[in-house]
Amino acid sequence: MPLLEVKGLEKSFGGLKAITDLSFSVPEGQIFSIIGPNGAGKTTLFNLLTNIYRPTKGSIFFNKKDITKLPPFKIAALGISRTFQNLQVFMNMNVVENVMVGCHLRSKSGLFASAFRLPSVIAEEKRVRDMALEALEFCGLKYYSSQPASALPYGILKKLEIARALASKPRLLLMDEPAAGLNDTETMELCRLIEAIRDSGITVLLVEHNMGLVMEISQTVLVLNYGRLLATGPPRDIQKNPEVIAAYLGEG
Amino acid sequence: MKRLLGFYIFSFITLVLPILFPDNYYVTVVGLTVLINISLAVSLNLLMGYAGQISLGHAAFFGLGAYSSAIFTIKYGFSPWTAITFGLLIVFLLSYILSRPILKLKGHYLAMATLGLGIIVHIFFVQADEITGGPDGISGLPTLSIFGFPIDTDLKWYFVFALFMLITVLLSLNIADSRAGRALSAVHGSEIAAQMMGIDTAKVKSRIFVFSALIACIAGSLFAHQQNFVSPESFSFFFSIELVTMVVLGGLGSTFGAVVGAFILSILPELLIVFEDFEVLIFGAILMVIMIFLPEGLFVAIKNKIAYLAFKRYQKEVANATS
């Protein structure tokens, strides 16, 4: 039973078709990678899955539920979280507060209860802080917890986005180029982190340019080219696929 | 206890001042303006500083509260508290209905829309003279009583304003340090990321807009009763701008930043009177110097510096412990 199912998805911006007739399904418990040359439509696909863009055609099912027309915050509530290619860290907060926002769906005090700081709020605050620290520890960021986000280097902020997404305890995590801009050591750490996320029971959908990383950790790889599905299968088959090689290296 | 330490010290100073100096002009006259401005700046900061949504029309809600009190007590003979309730109802409905369409806008467009709101309400105060008394305003509001205790001297008003201001500050501090406050800051930081964390950003923005309008409305009612008089010029576009300046001067996104900003901007003109003709010039120069050298705002700049030093010390301790 697939966790995520995409059927006949299509998105055009004016005359440009960014995604054309795309269908695939992501089984639960996998690291499922999407690769493709620049402009293949990978980030567009992520934005469609989270309904930041509205699809022109087609439908998306998560856990058998149609999420095509749901607003992003409701999609998040069903158990999908994501990180962003261009960082979207809350720079006006410190590290632990960033991750506490990730716990939004696992807590419930509203504006008025918060304003009057009812006893339930005090108990919840402590619980939320612990949950956030747990997510920070998982990502190896506990040391930075009281630092303002704006003071941290890029590599740490990338991990912070992952911690924030994990704090919402998603079933599916979309990661948009998590290794971009990281050095070799950081990329190795990231590899282990993504595997640890999968092992904790979260399905990972990964967009990534670093082929070494993708081939090492993925169970399934999907290749996009000009918004179309070019091939899908286990990494070994993809590496040998002549069409994929042509798309990446150019036809000889 | 530690979380609210600053608040307790601040409350203590606020409440002790009039006891020590009951006849001081700066306490019982200028002090009243300072207190009401702090309440307004703190309420505006919830919307502007935390949620990052600019409003150039905050004075409109302040004015609606004041005029509701004046109109319903004098023209229709309701008791002051009934009039305040009507005011709250009107402002609630108006801000709630306007919030969703207005807060869909961002940046300059939101500034324009809220500016328009402020100007329309002001025009209503000036032009609808059968209801509002036109440019002359309305005078002769009845005395406000709290639990049968009439508020009839400046000193008593000081305590009423101080109490209202302290409640506003406390609510704001509570919100900042809670799930709701973090949702506001998240909307400010990145609306897209906030939505992906499950925050209904439209609802969050609308709620805080209404909340901050209601605080301004109560401040307006109290102000009208204390002044015994309302006229349009207290609620003009310029006052909205002044409130924005207070919030920015002290530091966006900090409750005590708004307090400091409101305090300076209310007290500075009084202190600069000695310079006579140069008053406005020096006032402007001081604001410019603060913003050039401390662009994050006076209070926030100092707070950040302290936090930075504390982290440096922590880093050193960790380094010493591991070596």
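What counts and how
- Residues numbered from 1 in each chain as written.
- Chains lettered and ligands numbered in written order.
- Predicted model: local features only at pLDDT ≥ 70, side-chain atom pairs only at ≥ 80, totals over all residues.
- Heavy atoms only, no water.
- Pairing = 2+ DSSP bridges.
- Helix = DSSP H or I, 4+ residues; strand = E, 2+ residues; numbered from the N terminus.
- Axes fitted to C-alpha atoms, helices over the stretch in contact; angles between N-to-C directions.
- Contact = heavy atoms within 4.5 Å.
- Salt bridge = Lys/Arg side-chain N within 4 Å of Asp/Glu carboxyl O.
- Buried < 20%, exposed > 50% of the residue type's maximum accessible area, 1.4 Å probe, protein only.
- pLDDT = per-residue confidence, 0-100.
- Buried area = accessible area lost by both parts, 1.4 Å probe.
- Phe/Tyr/Trp six-rings, centres within 6.5 Å; stacked < 30°, edge-to-face > 60°.
- Lys NZ or Arg CZ within 6 Å of the ring centre and 35° of its normal.
- Parallel < 35°, antiparallel > 145°, perpendicular 65-115°, else oblique.
- Left-handed = near helix turned anticlockwise from the far one by under 90°.
- Nonpolar A, V, L, I, M, F, W, Y, C, P; charged D, E, K, R; others polar.
- Patch = residues over 30% accessible without salt bridge, like charges linked within 9 Å, V, L, I, M, F, W, Y side chains within 5 Å.
- Areas by Shrake-Rupley, 256 points an atom, 1.4 Å probe, with all protein chains shown as cover.
- Domains from an automatic or database assignment.
- Polar contact = N/O pair within 3.5 Å; in protein donor to acceptor, adjacent residues only side chain to side chain.

Right, let's get into the sheet that holds strand β10 (residues 228–233) of chain A. All names here are of chain A. Ordered in space as β6-β7-β8-β3-β9-β10, the six strands form an open sheet in which the pairing is mixed. Each edge of the sheet is formed by a strand with only one pairing partner; in this case those strands are β6 (80–82) and β10. Looking at each pair of strands side by side, their axes are set apart by 20° on average, direction ignored. Helix α6 (residues 154–167) rests against β6 and β7 (172–176) of the sheet, and its axis sits at about 160° to β7.

We now examine the pattern of salt bridges. In total, this model carries 16 salt bridges over all chains according to the counting rule given. In this structure, the salt-bridge partner of Asp176(A) is Arg82(A), at a minimum N-O distance of 3.9 Å. You can see Asp176(A) sitting in strand β7 and its partner Arg82(A) sitting in strand β6, a full 94 residues away along the chain. As far as the burial class goes, Asp176(A) and Arg82(A) line up, both buried. The partner of Lys106(B) in a salt bridge is Glu191(B), and the shortest N-O contact between them spans 3.7 Å. A residue pair is termed long-range when its members are at least 10 positions apart, and Lys106(B) in the loop between α5 (80–103) and α6 (107–127) and Glu191(B) in helix α10 (residues 191–196) qualify at 85 residues. One network of salt bridges, in which partners are shared, links Glu10(A), Lys17(A) and Lys57(A).

Summarising the element assignment, Ser59(A) is placed in strand β4 (residues 57–62). With residues up to four places along the chain from it excluded, the contact list for Ser59(A) reads Glu5(A), Val6(A), Lys7(A), Asp66(A) and Thr68(A).

With that out of the way, let us pick up the sheet that holds strand β5 (residues 65–66) of chain A. Residue and element names in this part refer to chain A. If you walk across this open sheet you meet the four strands as β2-β1-β4-β5, and the pairing is antiparallel. With one partner strand each, in any of the chains shown, β2 (16–27) and β5 form the two edges of the open sheet. Examined bridge by bridge, strand β1 (residues 2–13) and β4 share five bridges and lie antiparallel to one another. Bridged to leucine 4 within β4 is phenylalanine 62. Its contacts with the sheet place helix α1 (residues 42–49) against β1, β2 and β4, and it is angled at close to 115° to β1.

Bringing the confidence of the model for chain B into the picture now. Overall, the prediction assigns chain B a mean pLDDT of 93, with 100% of residues at 70 or greater. Confidence estimates for the predicted assembly give a pTM of 0.92 and an ipTM of 0.92.

In this section: the environment of Leu271(B). Residue and element names in this part refer to chain B. Looking at where leucine 271 falls in the secondary structure, it is placed in helix α13 (residues 255–271). Classification of leucine 271 as partly exposed rests on a relative accessible area of 46%. Through-space distance from the C-alpha of leucine 271 to that of isoleucine 71 is 35 Å; in sequence the pair is 200 residues apart.

Here Asp21(A), not a glycine, exhibits a phi torsion of approximately 40°, which is positive. Mapped onto the elements of the fold, Asp21(A) is located in strand β2. In this model, Glu276(B) sits at a positive phi of 45°, which is unusual for a non-glycine residue. Mapped onto the elements, Glu276(B) comes out in the loop between α13 and α14 (279–293). The exposure class assigned to Glu276(B) is exposed, which follows from its relative accessible area of 63%.

Taken residue by residue, the interface counts 31 residues in chain B and 36 residues in chain A. Of the roughly 3200 Å² buried between chain B and chain A, counting both surfaces, carbon and sulfur atoms make up 66%. Looking at the side of chain B facing chain A, the largest losses of area belong to Arg179(B), Met196(B) and Met197(B), adding up to 28% of the total buried there. Linking chain B with chain A are one salt bridge. The residue Glu125(A) makes a salt bridge to Arg182(B) at a minimum N-O spacing of 3.0 Å. Listing elements by their share of the side of chain B that touches chain A, those giving two or more residues are α8 (154–176), α9 (179–189), α10, α11 (201–227) and α15 (298–322) of chain B.

Once that is clear, we can look at the packing of aromatic side chains. Going through the model one piece at a time under the given rule, you end up with 26 aromatic pairs over all chains. Arranged with centres 5.0 Å apart and planes meeting at 90°, the rings of Phe78(B) and Phe86(B) form a pair that is edge-to-face. By relative accessible area, Phe78(B) is classed as partly exposed at 34%. A connected cluster of aromatic rings, assembled from ring pairs, spans Phe62(B), Tyr67(B), Phe124(B), Phe125(B), Phe223(B), Phe235(B) and Phe239(B). Over the ring of Phe90(A) we find Arg164(A), and its NZ or CZ is 4.5 Å from the ring centre. Over the ring of Phe149(B) we find Lys156(B); its NZ or CZ atom is 4.9 Å from the centre of that ring.

Assignment of secondary structure puts Ile264(B) in helix α13. The sequence separation of Ile264(B) and Val248(B) amounts to 16 residues, and the corresponding C-alpha distance is 12 Å.

On to the packing of helix α3 (residues 30–50) of chain B against α13(B). All names here are of chain B. It is the contact of α3 with α13, at a shortest axis distance of 8 Å, that shows an interaxial angle of 140°. In this view, α3 runs oblique relative to α13, as classed from their interaxial angle. Between α3 and α13 the crossing geometry is right-handed. Taken together, the residues of α13 that come into contact with α3 (itself represented by Val30, Val34, Asn37, Ile38, Ala41, Val42, Asn45 and Tyr50) are Thr255, Ala258, Val259, Ala262, Phe263, Ser266, Ile267 and Glu270. Here the contact of α3 with α13 is built from residues that sort into 11 nonpolar, four polar and one charged.

Our focus in this paragraph is a nonpolar patch on the surface. A surface patch of nonpolar side chains, about 680 Å² in accessible area, is lined by Leu5(B), Ile9(B), Phe12(B), Ile13(B), Leu17(B), Leu20(B) and Phe21(B). Turning to its location among the elements, Leu5(B) is positioned in helix α1 (residues 5–20).

Here we take up the domain arrangement of chain A. All names here are of chain A. Segmenting chain A into domains produces domain 1 (1–79 + 170–252) and domain 2 (88–168). Summarising the inter-unit geometry, the C-alpha centres of domain 1 and domain 2 are found 27 Å apart. Each partner contributes to the interface: domain 1 provides 18 residues, whereas domain 2 provides 11 residues. Buried surface at the junction of domain 1 and domain 2, summed over both partners, amounts to about 1000 Å²; 75% is from carbon and sulfur atoms.

To continue, consider the side chain of Arg182(B). By the element assignment, Arg182(B) lies in helix α9. In this structure the side chain of Arg182(B) is engaged in a polar contact, spanning 3.0 Å, whose partner is the side chain of Glu125(A). What Arg182(B) contacts, discounting residues up to four positions off in sequence, is Met93(A), Glu97(A), Met100(A), Val101(A), Glu125(A), Val128(A) and Ala176(B).

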